[in-house]
Amino acid sequence: MSEAEVGIKIINLNITYGGHKELGGNKRIIALKNINLDIPGNKLTAIIGPSGCGKSTLLKTLNRLLETRDNVGIEGKVYIGGEDIYHAERRVPELREKVGLVDQKPYPLPASIYGNVAYGPRIHRNLKGEELDDIVESCLKRVHLWKEVKDRLNQPAAGLSIGQQQRLCLARALAVEPEVILCDEVTSALDPVSSEKVEDLLMSLKKNYTVVMVSHVLRQAKRLADYVVFLYLGEVIETGDAEKFFSEPSHELSRKYIKGVMAGV
Amino acid sequence: MKLRYLEERMFKILIGISVSLVTVPLLIIIGTVLLKGGKVLVDNPGVLITPPGSRYLITGEGGFLHAVLGSLYLVIPATLIASLMGFGIALFLQSDYTSQRISGSIRTCLDVLWGTPSIVYGVFVLTILIFINQRGCLLAGISALTLLELPIITRYADEAIRAVPKELKDACYSIGTTRYEASKVVGRYALPGIIAGVLIGMGRGIGDAASVIFTSGVSSVMPGGLFDSVTAMPILIFQQASSCYPTVRGHAYAAAFTLILIVGILNFLSRFLVRKLSKYVPGGK
């Protein structure tokens, strides 16, 4: 991949957790070891690997959400769009405005459906009135939720079904107008129909956004991804174009994982 | 009968005994206060809104408006201050502001303070009063009650905020909120729990005599400014109930009735408020 195609560049990233009593006193646990990674821009990259290999951890370093956890050590550099996101002068809310995250389970804010989508534009761009209404409408339309909720925009978001809530959370992330969208197993809590809708949405998003998704459903990664990062026990084992990775993986571990013969898959 | 069924039966009986041991005296107390106090108030509703006469505690002339107002003047500012500070401290104790090791020790301190007898707070504030050469006054009473209520409200708010799903906070941060903005969302989510804590703290404050008696003095005139001495309902009830004049003793029931009524009204108001404010919180209605 040429420099221009790189959307996110990770250099020598090391993540450690530790200090908790239940994790064995002061011993630190290495979650990610020496990650060097280029993630292509305006494409959909899937991070795959067995449970506990550090997929979500890697994803959450990209919007610096990891550092809100207690006792996490982060070393290394991450560049998004050529900019060092761990630079001391970088304002974290501004970074997160550019790098949106949608989590595994939808958590609507304690507000109305409208309020959930409007929250981001309100705090970042101080929008009001019609302008805000337009953004809410267009974002809800993009996630194919508008028809279902247009008559009850002022009702609590918690009253929606899980599938609708997940699409609402996507709309909420889109409303901020990010450049990068991070998805952490966004379909794992959804029924097949809703997951299909969300998958379609992700497919349409990758034209305009750099999408990085964590998935432990291999078939899903195969369907959606352009580029694949395979993690195992906190290390990058293999990266490459999705097609090539799934048809002829170069590493023994990737081969085993794809065949589903690895323990704990 | 099989042993396990016998066990089940015994356990049920034990639960029944414990419940009645608590509820029966409670019902007797509330019933007596309502009946006797209610009777005084029905016969002479003026006691509630009349300032005390100059020899109130002997003849029962006038009413006990001074103590009703005194209690409200003491408890409402104290609860407001303690709630604001408690909410702040509770936020500080969360993982996004401080390490869990530090907040663990602060929580222990707060739990100890929670169990501290209120007279200790009274004496503490009294010491300061003596040091600055000031007589007992409303302001000192408010300070003592604030100290008394603070650990209670803080711990309740802390637990309520801790119970907010971590993912909700993550969702806020992922949109790009500042910590303050995220705290506002979290606070709204935790509001029912926080209000419960505020009510319990206030209940403790309004019923407390020991911290007030040392700091606000005992006054039998209407409350004046922040630097004048005031009295509170529990102190008044003590004075009335230990009086040798039956009229004044009767007033003790009326005062107790009023105290219960005030707590009841404040309780109702805040529940109403919570319902309004937590319309969007799952399970908040």
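Preceding this paragraph is the structure being described.
Residues numbered from 1 in each chain as written. Chains lettered and ligands numbered in written order. Predicted model: local features only at pLDDT ≥ 70, side-chain atom pairs only at ≥ 80, totals over all residues. Heavy atoms only, no water.

Right, let's get into the packing of aromatic side chains. All told, the structure shown has four aromatic pairs over all chains when counted by the stated rule. Consider the rings of Phe245(A) and Phe246(A), whose centres lie 5.3 Å apart with planes at 85 degrees: the pair is edge-to-face. Across the pair, Phe246(A) and Phe245(A) agree in class, each one buried. Aromatic rings pair up to connect Phe230(A), Phe245(A), Phe246(A) and Tyr257(A) into one cluster. Directly above the ring of Tyr5(B) sits Arg4(B), whose terminal nitrogen or CZ lies 5.4 Å from the centroid. (Phe/Tyr/Trp six-rings, centres within 6.5 Å; stacked < 30°, edge-to-face > 60°. Buried < 20%, exposed > 50% of the residue type's maximum accessible area, 1.4 Å probe, protein only. Lys NZ or Arg CZ within 6 Å of the ring centre and 35° of its normal.)

What follows deals with the interface of chain A and chain B. When the parts of a complex come together, some accessible area is lost, and that lost area is often taken as the interface size. Residue-level contacts link 30 residues of chain A with 26 residues of chain B. Regarding the contact of chain A and chain B, the summed buried area is about 2,200 Å², with carbon and sulfur atoms giving 62% of it. Between Asp170(B) and Arg69(A) there is a salt bridge, and its shortest N-O distance comes to 2.9 Å. At the boundary of chain A and chain B, one finds two residue pairs in polar contact (both at pLDDT 80 or more). Those elements that provide at least two residues to the side of chain A that touches chain B are helix H2 (92-98), strand E6 (99-102) and helix H3 (113-125) of chain A. Among the elements that take part in the side of chain A that touches chain B, H3(A) stands out by supplying four residues, more than any other. Across the side of chain A that touches chain B, the residue classes break down as 14 nonpolar, ten polar and six charged. (Contact = heavy atoms within 4.5 Å. Buried area = accessible area lost by both parts, 1.4 Å probe. Salt bridge = Lys/Arg side-chain N within 4 Å of Asp/Glu carboxyl O. Polar contact = N/O pair within 3.5 Å; in protein donor to acceptor, adjacent residues only side chain to side chain. Helix = DSSP H or I, 4+ residues; strand = E, 2+ residues; numbered from the N terminus. Nonpolar A, V, L, I, M, F, W, Y, C, P; charged D, E, K, R; others polar.)

Right, let's talk about unusual backbone geometry for a bit. Backbone phi values are negative for most residues with the exception of glycine, while trans is the configuration of most peptide bonds. One non-glycine residue, Asn126(A), lies in the positive phi region at around 55 degrees. Along the chain, Asn126(A) turns up in the loop between H3 and helix H4 (129-142). Owing to a relative accessible area of 57%, Asn126(A) belongs among the exposed residues under this scheme. One non-glycine residue, Asn133(B), adopts positive backbone phi at about 60 degrees. By secondary structure assignment, the location of Asn133(B) is in the loop between helix H5 (118-131) and helix H6 (138-162).

Turning next to the environment of Tyr107(A). With respect to the helices and strands, Tyr107(A) occurs in the loop between E6 and H3. Distance in space between the C-alpha atoms of Tyr107(A) and Val6(A) is 31 Å, their sequence separation being 101 residues. Beyond its immediate sequence surroundings of up to four residues, Tyr107(A) is in contact with Cys169(A), Arg172(A), Pro165(B), Glu167(B), Leu168(B) and Ala171(B).

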